Amino acid sequence: MSLENINPTVCPKLPPREGKVDDPFDSRGIFDLIRCINDPEHPLTLEELSVVSESQVLVSNEMSNSSVHVYFTPTIPGCSMATLIGLSIKVQLLRNLPSRFKCCIEITPGTHNSEQAINKQLADKERIAAALENPHLMLVIDQCLDVEIV
Amino acid sequence: MATASAGESIQFSSTQTLKLQHEQTLLGHEDRVWCVVWSPKGNILASCGADKTVRIWAKEDGKMVCRNVLSGEHNRTIRSVSFSPCGNLLISCSFDGTCCIWDRSKSGEFESMITLEGHENEVKWARWSACGEYLATCSRDKSVWVWEASEDGSEYECSGILTHHSQDVKQVLWHPSMELLVSASYDNKINLYCQDDDDWTLHQSLTGHDNTVWAISFNATGRRLISCSADQSLKVWELDGPMKKTGVWKCMLTVSGDHPRVIYSVDWCKNSGMVATGCEDDVIRVYTLDDTDGLSLSVVHAQAHEKDVNCVSWNPKQAGVLASCSDDRTIRLWQVVAATETKLI
């Protein structure tokens, strides 16, 4: 398969978090969970490709109403991997966050040609559940999630 | 005040303060529970989910217990279950693309009788028509299939494939007294179908929801249909004119602002007229009919489950008894009571 975006811009990584962490599930904590996800096409992480950033992770961490909203930015507006990237972020959060969190993964507004269709798919838990029962797809996602511990 | 009359029907006035009293939590499913449904007599509860099993629950010494676990017929998530009008048949629909019909008329226990194959991928929902003659199924393959039972009921033949939706079809539902079929879809539409000579054709398409329509339910008379959506609203559709299957339906009411997240389930109680909803915010809400035919929000039961409420189902015989199920792997049983803790029945 040929790369869609041959020469992507590579951004520096954030240094590891230092000091005492009061809330492991603040926006930095959740960013740390997703920034090392591998891009399905490039040997680079979502952070290095600026697909995800700390400022694009919005968290409400109240016991009765905990939610995470992650916006991700495909490297090009026609990126055919956008759904897979969104799915990888979703799976990573489902696996690592306490179950009280409601996770919403969406494309940064205006950054993809099929933004609405992809957002709708990622929001449909029935379609997500069916997709995650597909062993071939899970293999690909697990490759994306083969993350190093920061 | 609540008043009970013959046939255990109960009327609730909209000014009354109600609440949901938790009666029991049913444990056993090992993963997300997608669907819970009562048998027509209201004495058996069936549930299913991502653990690929159907569980049959019935009362023993006043408590609901798991009487049977049906497994081995599906190798992927079982999305929904539904009883036939006589209560002897049960159908399970699976992401594996098949439906299984289970029969208990021989041994008293549900045994697998037939597997229906034909859909290209995940089957989401199935319902028998009121007389039991037809069965409808729907799938992510965007189609609705109508199946016709043989005279002895042992075989089903496909008698129509309806491909009017442009996206996956979440639910199918038959009208309680007419041969009118309804489907709800990811394409934001609700379609109504009826038979024209021998062919099933699209009769009307109801538009108005801005996102996936997850569930639909008729009221007791069948003159009204309620729908719930990922657009966080409920819509009530009314038959305009005389009761005939070619009648035209119109939206008479939209309820928005009460649900902050996706509404996955809606059920209109045929006895009390109450409407229950299951929402992604873990809350069960109950509406009563008010004097102006509107829906009045009477119960907001926060943290009814620890995760999304996937399905709510009123007991068809015991007024005010509600079952719910969730991603938290549990099924919960509830009783609508006056806030003074007095049971209404």
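Residues numbered from 1 in each chain as written. Chains lettered and ligands numbered in written order. Predicted model: local features only at pLDDT ≥ 70, side-chain atom pairs only at ≥ 80, totals over all residues. Heavy atoms only, no water.

### Section: the environment of T137 of chain B
Residues and elements named next belong to chain B. By secondary structure assignment, the location of T137 is in strand β13 (residues 134–139). T137 gets classed as buried once you look at its relative accessible area, which sits at 0%. Among all residues touching T137, those that are not within four sequence positions of it are C99, H119, V123, W125, A126, S143, V144, W145, W147 and V172. In terms of polar contacts, T137 uses its side chain to reach the side chain of W147, at 2.9 Å. (Helix = DSSP H or I, 4+ residues; strand = E, 2+ residues; numbered from the N terminus. Buried < 20%, exposed > 50% of the residue type's maximum accessible area, 1.4 Å probe, protein only. Contact = heavy atoms within 4.5 Å. Polar contact = N/O pair within 3.5 Å; in protein donor to acceptor, adjacent residues only side chain to side chain.)

### Description of the UniProt feature "repeat: WD" (unreviewed entry) in chain B
Residue and element names in this part refer to chain B. As annotated by UniProt and renumbered to match this structure, "repeat: WD" (unreviewed entry) occupies residues 26–67, 71–112, 116–157, 162–193, 206–240 and 302–344. Helix makes up 0% of residues 162–193 and strand makes up 53%, while its end C-alpha atoms are separated by 9 Å. Counting secondary structure, residues 206–240 comes out at 0% helix and 60% strand; the distance between its end C-alpha atoms is 13 Å. (UniProt positions renumbered as here; feature names shortened; annotations may be inferred.)

### Thoughts on the packing of aromatic side chains
Evaluated as defined, the whole model comprises eight aromatic pairs over all chains. Both rings, one in Y134 of chain B and one in W200 of chain B, keep their centres 5.2 Å apart while their planes meet at 85°; by these two values the pair is edge-to-face. Here Y134 of chain B is found in strand β13, whereas its partner W200 of chain B is found in strand β19 (residues 199–206), with 66 residues between them in sequence. Judged by relative accessible area, W200 of chain B falls into the buried class, the value being 8%. In textbook terms, an aromatic cluster arises when at least three aromatic residues are bridged by ring pairs, as seen for Y134, W174 and W200 of chain B. Across the ring face of Y186 of chain B, the terminal group of K120 of chain A is positioned such that the distance to the ring centre comes to 4.6 Å. Stacked on the ring of Y186 of chain B, the Lys or Arg R127 of chain A has its end atom at 4.1 Å from the ring centre. (Phe/Tyr/Trp six-rings, centres within 6.5 Å; stacked < 30°, edge-to-face > 60°. Lys NZ or Arg CZ within 6 Å of the ring centre and 35° of its normal.)

### Concerning the sheet that holds strand β3 (residues 18–26) of chain B
Residues and elements named next belong to chain B. What the four strands build is an open sheet, ordered β3-β30-β29-β28; its pairing is antiparallel. Of all strands in the sheet, those bounded by a partner on one side alone are β3 and β28 (309–314). If you compare each strand with its neighbour and ignore which way they point, the axes differ by 25° on average. As paired strands, β28 and strand β29 (residues 321–326) are joined by five bridges and run antiparallel to one another. When the sheet's bridge partners are listed, S313 is paired in β29 with A323. (Pairing = 2+ DSSP bridges. Axes fitted to C-alpha atoms, helices over the stretch in contact; angles between N-to-C directions.)

### Focus: the interface of chain A and chain B
Contacts between chain A and chain B engage 13 residues on the former and 25 residues on the latter. Between chain A and chain B, the buried area comes to about 1,700 Å², and carbon and sulfur atoms account for 43% of it. On the chain A side of the contact with chain B, K102, K125 and E126 of chain A bury the most area, a combined 41% of that side's loss. The tally of links from chain A across to chain B stands at 10 salt bridges. (Buried area = accessible area lost by both parts, 1.4 Å probe. Salt bridge = Lys/Arg side-chain N within 4 Å of Asp/Glu carboxyl O.)

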